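# Report on the structure
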Protein chains: 2
Amino acid sequence: MTSSQAQLEDVKAALTKQGDVVKALKAAKTPKDQIQPEVDKLLALKEQFKQLALADATPKFDRQSLESLLLKRFFYAPSFEIYGGIAGLYDYGPPGCALQNNILALWRQHFVLEEDMLEVECTNLTPEVVLKTSGHVERFADYMVKDTVSGDIFRADHLVKQVLSQRVEDDIKLEAGNAPKPAKGQQPLQPLAPGIRAEYELILETLDNYVGDDLRKLIRRLDIRAPSTGNEVTDPVLFNLMFETQIGPTGQFKGYLRPETAQGHFLNFKRLYEYNTGQVPFASASVGKSFRNEISPRQGLLRVREFTMAEIEHYVDPSNKKHARFEDVRDLVVPLYSAEAQQAAAGPSHISIGEAVSKGVINNETLGYFVARIYLFLIRIGIEPSRLRMRQHMKNEMAHYAQDCWDAEIESSYGWIECVGCADRAAYDLTVHMKKTGEKLVVREALPEPLIEEKWQLEVNKKTFGSTFKKDAKAVQGFIDSMKVGDNWDEEKLQVLKDQLAAGGGKAPVTGTDGKTYELTTDLVTIQKNTVKSHIREYTPSVIEPSFGIGRILYQLLEHSYYRREGDDEARHVLRFPACVAPVKALVVPISHNEEFAPFIKEIVTGLRRGNIANKLDDSGSSIGKRYARNDELGTPFALTVDFQTVQDGTVTLRERDSTKQIREKISVVVDIVKDLVGEKTTWQEVEKTYPAFVQQEV
Amino acid sequence: MTSSQAQLEDVKAALTKQGDVVKALKAAKTPKDQIQPEVDKLLALKEQFKQLALADATPKFDRQSLESLLLKRFFYAPSFEIYGGIAGLYDYGPPGCALQNNILALWRQHFVLEEDMLEVECTNLTPEVVLKTSGHVERFADYMVKDTVSGDIFRADHLVKQVLSQRVEDDIKLEAGNAPKPAKGQQPLQPLAPGIRAEYELILETLDNYVGDDLRKLIRRLDIRAPSTGNEVTDPVLFNLMFETQIGPTGQFKGYLRPETAQGHFLNFKRLYEYNTGQVPFASASVGKSFRNEISPRQGLLRVREFTMAEIEHYVDPSNKKHARFEDVRDLVVPLYSAEAQQAAAGPSHISIGEAVSKGVINNETLGYFVARIYLFLIRIGIEPSRLRMRQHMKNEMAHYAQDCWDAEIESSYGWIECVGCADRAAYDLTVHMKKTGEKLVVREALPEPLIEEKWQLEVNKKTFGSTFKKDAKAVQGFIDSMKVGDNWDEEKLQVLKDQLAAGGGKAPVTGTDGKTYELTTDLVTIQKNTVKSHIREYTPSVIEPSFGIGRILYQLLEHSYYRREGDDEARHVLRFPACVAPVKALVVPISHNEEFAPFIKEIVTGLRRGNIANKLDDSGSSIGKRYARNDELGTPFALTVDFQTVQDGTVTLRERDSTKQIREKISVVVDIVKDLVGEKTTWQEVEKTYPAFVQQEV
């Protein structure tokens, strides 16, 4: 939020409060002269609000203008457009594709290469059992309601938000005396009763807390209806967001498209751990698609049904979450918006990562390290630092198993949007998969000294066991083995059996692996605490998960990069991408069609291509200015111009997009400068200091 | 096929023929002394076959050994392995992932960057209507049969192939006198009747021709049964290979996972054409997943349910398929296996692309250009030239609309496998989408001189039309407009209406856009040929489509790269990847744990990282030899070793994987050499010539 927006919010809140005061006085039939001072205060606030709203509106981001540029230059466009499109699906055209590829290449460099992460690529198709175990089949769902007459579908929380926001907005307008005229046949707006606006505002802020029957009651109590028809809506029902399909021809193998890449990492933990020769901590990384069948996708690339994610799973000893490279980021100051600060509505604080960890604001060093690295990555690709914050999840936002969670939120015309999540998922996922499959997803560490522990164990009395069950012994043994996870007993399960035996007077019915029921007795099995000496420490690692929504980051970057060049006759649109992510790095323009330019153009293009610098030759007949402008719209940072002086002395001009300043040097020198600029080995400021400016009227 | 294999096949064919001769003579009760010379010939052939089979068996590829290496080093592994896995789904581990990323990076360099192709990224989710139009809903299917008792499922053609191949093989063994003993309760093998083996062999070669009822009859006539149970199978039914799902919460929007990336390109044709400022030819390119619900996936990465494709769609004027860069490949000699040569079982010919195009073996220059570029790409990433051929599709293999089609086939232990397809799809896809949507997917070219053509057109008699239909005029006009594609009349549709009018004595019932029926008469509309003068030529471009199965290429490359180092005590496995695709380019090994080595290691690692060279530090306690061996298994081409001499003079050794030769130079020199080797700017042979060999006993 900008400071003027914050001020506006403050005045809005005061206005609501003061409105209630006046309403209450009126309701209590207070004499007019006693009300008047409060009414005056109200009027003053209204005036202040109007002025501020006016001021705030001026620099409003022109989203429509950006969007038409993005469509025109085919950064992206709705998929299946010629068939009418499908909500929430977008195709990337050449510049969008290149931008995404560049962001991903930097991501691999910044995270995977830099930290020797183990990259994996897992399938999108996922069998049901995996996502049942992970909890997605049960819990990966949103509430949905239907217009009872038209059948239109809404995501329940979005509908409540839309309706209540509209009511609050209408009430403010009414109060300010500029209520819209009611449509034909509609009643004019009525002011909200005292206290109601404040209640709505509270609900809007805590909407995430309304689930199940609370949500249904809320919808009924506030009479939430479909906005365009005014019809009632059905009770909210949960709608699972995963796309379902059948794997194989028999139709028996239910599967889903993965909603995240994470589960694939976890299932491969054992192979990855071995690949890393048993050393912990280490991280896996993956770039790929994920799928969410959003109820009503909107906000362009911000809420889509198919999207690219880049996820890291960092495995670490739960009893030691220190990070070897923490020193590298200790002093980095980052805007941290802690849960506590959010509760106090205090706004983010700029403090160092070191301080945040030592004060316990961030749970541990490893989490802090990644919070810092994520911040640095986003800045590096061109996100504006002033519109980036790391926000901690409130307790009620986090999964029950999560230790701590921070989102990188980026501000755009849609508000503050979560673009990267960084959660400490503890040992949850590895544990549930291990329990379900019996596969040991653990780290084994030789202990410097043997560890002596008390552990619940089960012992079979081999003599009586075999003679009691005879040919069924295997089936009963199978039941007993099912209480183990790897080499270890599941102590919870043992406890259940022990309790059953106690309750049954030393007898308990159990189900063998053949499905039949058998009777276990305390003569056959002994469950007791034993002293166990171990030389190996075995533990399930905690997982710190930085998870990047690439499409969201890309869209926010587009907004942050967009500006109009001032002082031009016609509005010129520019995307100020850093060179490292720009789709095309260098434009090559001959000043006119001339045979003599050909060898110089070839020299430039070959040189750039050899240096792996994406370039574009524009030898169309348009004026130089027009050609520059066209490439400003693609965010091309540099332009090399071949003119008649080139033919004489082999020099070309190099123009920088944002400053529009130029230098003039030999082709090989200019090509090398561009390579260094793109490779982040120098900056344009440095180049301007080193080489004399070349001044010439733009044609 | 190697030449020894070809010889083996020849002898096998002769053996079959001679067997039939002898059988026929015996059946005709020919006197024994007259049969004997033919029996002698048969025996001689059998002996020759035995010897050849023995010789051929010796260098047989040890696939199991490679596969265990790939699993051990986690190149790839079955997905969801700890849950028992799912056939046809594989996850790539770190080296597999890096190998694939490198192949794709080179693909982008070799095709996209080199030819300024327009990269797009389209969604996997695809609505039904698109795939209905493209023909996939109707035709993208395989025949499936079920074991009538067990319910086991088979792909019908695979089952026929398996059963008949087994019968032929058994017969050969029987003839050679080494038939396997029949299992308990089974009848001993009986020799096939004369002519049957040859018939089976013919069927095996032409299996693709059996579809629909022919396939059913074949299965019944030859009594094809489920091999493991001996049960009959059901009649073959078509099974669509696309994964189906529902898009959106209403359950009304049927969709599929795309079976190829191509349709996404076509739907975006108009935007791409505009992005390319209306210039043709141009190409779009895309890398992404595709999905095929194989009936019974097998052969590892060669037949899977989810896979990475890289596809190019090159749009070209159908009346001019010349290629601007054809000169670059004209003299390239490529092993071409033309349809004609296949018919004559003549084997591939090595001829130049120029000759192939000029003789009409390859349909046109553009197709020839891509056949050459595909060949060069595959060689560049390390496919053995002797095991690579470009095979033309036979007429019956091609889609009806295809002009010509060539596959890059790579040989491995699974035989010759199609890894890249290169088809001239003509204007098929753009045409069907244009017809369905009415969107003009065409190229418009200003004509040097106006073109005068005779065209069928429809004219509405405005006077009578309006007064006849009044308020319904719009609905009827809608029907008339539906006979247009863009600005042009669909001449087929006009012809149908004209015929209807003629048949109905000047009257024809038509359906308006409101669903009601109206009567058109020859008073209301006139359909006739007019002379039209146009200044613009409008055409639907032809599409040449090189389509790469990345997983298949990757597996074949693994087989071609694998060898065992000779002369070692223990078998040492090596993958001889070219440096440009190797997952890790350089191993960094200190000869022992020593504090003094640290700064040198840091210098090397930093230098390599700055040059974007993927490297791996192995400072484990294992012997140098073991550490080299471990990285031979990953295909790491270079190793830099830090030893005590490094501390004295700052030099390190550089070892090449396959020759195991070494040189010794300053760190900065060695780092630069590695960069040049990886960037394909020099070769190890060059390096050996330039720098003195360093000879030292390996530890």
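Each remark here, short or long, concerns the structure printed above.
Since the model is a prediction, treat every value here as computed from it, not as a measurement. (Residues numbered from 1 in each chain as written. Chains lettered and ligands numbered in written order. Predicted model: local features only at pLDDT ≥ 70, side-chain atom pairs only at ≥ 80, totals over all residues. Heavy atoms only, no water.)

## With respect to the environment of A:Val605
Residue and element names in this part refer to chain A. Among the secondary structure elements, Val-605 is positioned in helix H20 (residues 598–610). Overall, Val-605 belongs to the buried group, its relative accessible area being 15%. Spatially, the C-alpha atom of Val-605 lies 40 Å from that of Ala-283, the residues being 322 residues apart in sequence. In this structure, Val-605 is in contact with Val-588 and Asn-615, ignoring residues within four places of it in sequence. (Helix = DSSP H or I, 4+ residues; strand = E, 2+ residues; numbered from the N terminus. Buried < 20%, exposed > 50% of the residue type's maximum accessible area, 1.4 Å probe, protein only. Contact = heavy atoms within 4.5 Å.)

## A closer look at the sheet that holds strand E26 (residues 586–590) of chain A
Residues and elements named next belong to chain A. If you trace the 5 strands from one edge of the open sheet to the other, you get E27-E26-E28-E29-E30, paired in mixed fashion. A strand with exactly one partner marks an edge of an open sheet, and here the two such strands are strand E27 (615–617) and strand E30 (662–666). Averaged over neighbouring strand pairs, the angle between their axes works out to 25° when direction is ignored. Here helix H21 (residues 624–632) sits on the sheet and contacts E26, E27, strand E28 (638–642), strand E29 (651–656) and E30; the angle it forms with E26, its principal contact strand, is near 165°. The sheet contacts of helix H23 (residues 667–678) involve E26, E28, E29 and E30, and relative to E30 the element is tilted by about 125°. (Pairing = 2+ DSSP bridges. Axes fitted to C-alpha atoms, helices over the stretch in contact; angles between N-to-C directions.)

## Details of the relation of the copies chain B and chain A
Each of the two copies of the chain can be brought onto the other by a rotation about an axis and a shift along it. Mapping chain B onto chain A is achieved by rotating through 180° and translating by 0.0 Å along the same axis, at an RMSD of 0.2 Å. This pairing of chains is accounted for by a two-fold axis. Within chain B, the C-alpha atom positioned nearest to the axis of rotation is that of B:Thr245, 2.7 Å from it. Interface overlap between copies: 100% of the residues of chain B at the interface are likewise at the interface in chain A, consistent with a symmetric, same-surface contact. (Least-squares fit on C-alpha atoms with pLDDT ≥ 70 in both.)

## Quick look at the packing of helix H3 (residues 63–72) of chain B against helix H19 (residues 550–561) of chain B
Residue and element names in this part refer to chain B. At a minimum axis distance of 11 Å, the contact between H3 and H19 shows a crossing angle of 115°. What the angle tells us is that H3 and H19 run roughly perpendicular. Between H3 and H19 the crossing geometry is right-handed. Contacts between H3 and H19 involve Arg-63, Leu-66, Glu-67 and Leu-70 on the former and, on the latter, Tyr-555, Leu-558 and Glu-559. Of the residues that constitute the contact of H3 with H19, the class distribution is 4 nonpolar, no polar and 3 charged. (Parallel < 35°, antiparallel > 145°, perpendicular 65-115°, else oblique. Left-handed = near helix turned anticlockwise from the far one by under 90°. Nonpolar A, V, L, I, M, F, W, Y, C, P; charged D, E, K, R; others polar.)

## What to know about helix H18 (residues 491–503) of chain B
All names here are of chain B. Given a rise of 1.5 Å per residue, 13 residues ought to cover 18 Å, and the 18 Å separating the end C-alpha atoms of H18 matches this to within 8%. Every buried residue belonging to H18 is among Leu-494, Leu-497 and Leu-501, and all of these are buried. Around the axis of H18, the buried residues are gathered within 65° of arc, so they sit on the same side. Relative to its buried face, H18 has exposed residues pointing more than 90 degrees away, namely Glu-492, Ala-502 and Ala-503. Of the surrounding secondary structure, the elements contacted by the buried residues of H18 are strand E17 (443–460), helix H17 (473–481), strand E19 (488–489), strand E20 (507–511), strand E21 (517–521) and strand E22 (525–539). Two or three places before Glu-492, at the opening of H18, Asp-490 has a side-chain oxygen 3.1 Å from that residue's backbone nitrogen. Two residues or fewer past H18, Gly-505 is found with a positive phi of approximately 60°. (Expected span 1.5 Å × (residues − 1). Arc of directions from axis to C-beta. Polar contact = N/O pair within 3.5 Å; in protein donor to acceptor, adjacent residues only side chain to side chain.)

## As for the packing of aromatic side chains
All told, the structure shown has 40 aromatic pairs over all chains when counted by the stated rule. Taking the centre distance of 6.4 Å and the plane angle of 45° together, the rings of B:Tyr76 and B:Tyr92 count as tilted. You can see B:Tyr76 sitting in strand E1 (residues 76–78) and its partner B:Tyr92 sitting in strand E2 (residues 90–92), a full 16 residues away along the chain. Here B:Tyr76 and B:Tyr92 have matching classes, each one buried. Through pairs of rings, three or more aromatic residues link up here, namely A:Trp107, A:Phe111, A:Phe377 and A:Phe548. The ring of A:Phe111 has A:Arg373 sitting right over it, with the charged end atom 6.0 Å from the ring centre. The cationic tip of A:Lys484 hangs over the ring face of A:Trp489; the distance from NZ or CZ to the ring centre is 5.0 Å. (Phe/Tyr/Trp six-rings, centres within 6.5 Å; stacked < 30°, edge-to-face > 60°. Lys NZ or Arg CZ within 6 Å of the ring centre and 35° of its normal.)

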